[in-house]
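# Summary of the model geometry
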Amino acid sequence: MKIYTRTGDAGDTGVLGAGRLRKDDPRIEAYGTVDELNAVLGTARAVGMDASEDALAARLQEELFVLGAALADPKPGGRFHDQITAAHVEALEKAIDEREADLPPQRHFVLPAGTPAAAQLHLARTVCRRAERLVVHLANLPDEHVPADLLIYLNRLSDLLFVMARTANRRAGVPDVPWISKS
């Protein structure tokens, strides 16, 4: 099978189920940004994390692929629509709580810096927030259906990525860089 099909040369792309959408369609923007988030998370893994954080990041990548598939299917009854559930959100919350228990209390905003893994996790967090905004936009369009758990998952995932970045710094013995207003 060839990687190129020439079917998207006119600016449209196939979606799950039947049909095609313009490549600048809000649905394509949303799941394309989830794909970008997945790639940034892969980069964070490539620069090196400890085994437990890498295993968590691998699980998150699998879940993001499912979430992207749910967004790639415009039909409410699509195969992937209900596969990200409240249980996934609860697992994110548990992971946040576990990591926060080992971190010093946060007294300032934290600049996205530190170890290479922490910096990549901060980048993943910002891409996650953009994905969340695009999914919110899609969900608010007429005749679009986005399961509520997808929005909640992305919201909680950005929190987890922030805590994972702080954890990466802490485990490497690198302090977070606080932002302290000069004014």
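Residues numbered from 1 in each chain as written. Predicted model: local features only at pLDDT ≥ 70, side-chain atom pairs only at ≥ 80, totals over all residues. Heavy atoms only, no water.

What follows concerns the overall build of the protein. If you tally the helices and strands in the protein, you get five helices and four strands. Each helix and strand of the protein, ordered N terminal to C terminal, gives the series β-β-α-α-α-β-α-α-β. Dimensions along the principal axes, computed over C-alpha positions, put the protein at roughly 50 × 40 × 35 Å. In the protein, buried positions account for 38% of the 183 residues. Taken as a whole, the protein presents about 10,100 Å² of accessible surface, with 56% of it coming from carbon and sulfur. The centroid of the 22 positive side-chain charges in the protein is displaced by 4 Å from the centroid of its 26 negative side-chain charges. (Helix = DSSP H or I, 4+ residues; strand = E, 2+ residues; numbered from the N terminus. Buried < 20%, exposed > 50% of the residue type's maximum accessible area, 1.4 Å probe, protein only. Areas by Shrake-Rupley, 256 points an atom, 1.4 Å probe, with all protein chains shown as cover. Lys, Arg positive; Asp, Glu negative; His and termini not counted. Charge placed at Lys NZ, Arg CZ, Asp CG, Glu CD.)

Moving on to the packing of helix 1 (residues 26–47) against helix 4 (residues 116–139). Close contact between helix 1 and helix 4 brings their axes to 9 Å; oriented N to C, the two are set at 170°. By the angle between their directions, the pair helix 1 and helix 4 is classed as roughly antiparallel. Classifying every residue of the contact of helix 1 with helix 4 gives 19 nonpolar, four polar and four charged. (Axes fitted to C-alpha atoms, helices over the stretch in contact; angles between N-to-C directions. Parallel < 35°, antiparallel > 145°, perpendicular 65-115°, else oblique. Nonpolar A, V, L, I, M, F, W, Y, C, P; charged D, E, K, R; others polar.)

In this structure, Asp143 takes a positive phi of about 65° despite not being glycine. Along the chain, the position of Asp143 falls in the loop between helix 4 and helix 5 (148–172). A relative accessible area of 82% places Asp143 in the exposed class.

What follows covers the environment of Asn155. The topology assignment puts Asn155 in helix 5. The class of Asn155 is partly exposed, set by a relative accessible area of 24%. The spatial distance from the C-alpha of Asn155 to the C-alpha of Arg129 is 7.3 Å, given a sequence separation of 26 residues. Every residue in contact with Asn155, bar those within four places of it in the chain, is listed here: Arg129 and Glu132. (Contact = heavy atoms within 4.5 Å.)

To characterise two packed helices, one gives the angle between the axes of the helices and the distance between these axes. At a closest axis distance of 9 Å, the pairing of helix 3 (residues 86–100) and helix 5 adopts a crossing angle of 20°. Relative to helix 5, the element helix 3 lies roughly parallel. Of the two possible hands of crossing, helix 3 and helix 5 adopt the one that is left-handed. Residue-level contacts link Ala86, His88, Val89, Leu92, Glu93, Ala95, Ile96, Arg99 and Glu100 of helix 3 to Asp149, Ile152, Tyr153, Arg156, Leu157, Asp159, Leu160, Val163, Met164 and Thr167 of helix 5. (Left-handed = near helix turned anticlockwise from the far one by under 90°.)

Scanning the entire structure with this criterion turns up 13 salt bridges. The residue Arg171 makes a salt bridge to Asp50 at a minimum N-O spacing of 2.8 Å. Taken together, the residues Arg171 in helix 5 and Asp50 in the loop between helix 1 and helix 2 (51–72) connect sequence positions 121 residues apart. By relative accessible area, which is 31% here, Asp50 ends up partly exposed. (Salt bridge = Lys/Arg side-chain N within 4 Å of Asp/Glu carboxyl O.)

Here we take up helix 3. The end-to-end C-alpha separation of helix 3 is 21 Å, in line with the 21 Å expected for 15 residues at 1.5 Å each. Among the residues of helix 3, those classed as buried are Val89, Leu92, Ala95, Ile96 and Arg99. On an axial view of helix 3, the arc spanned by its buried residues comes to 120°, and they lie on one face. What points out from helix 3, more than 90 degrees from its buried face, is the exposed set Glu90 and Lys94. Elements that come into contact with the buried residues of helix 3 comprise helix 2 and helix 5. (Expected span 1.5 Å × (residues − 1). Arc of directions from axis to C-beta.)

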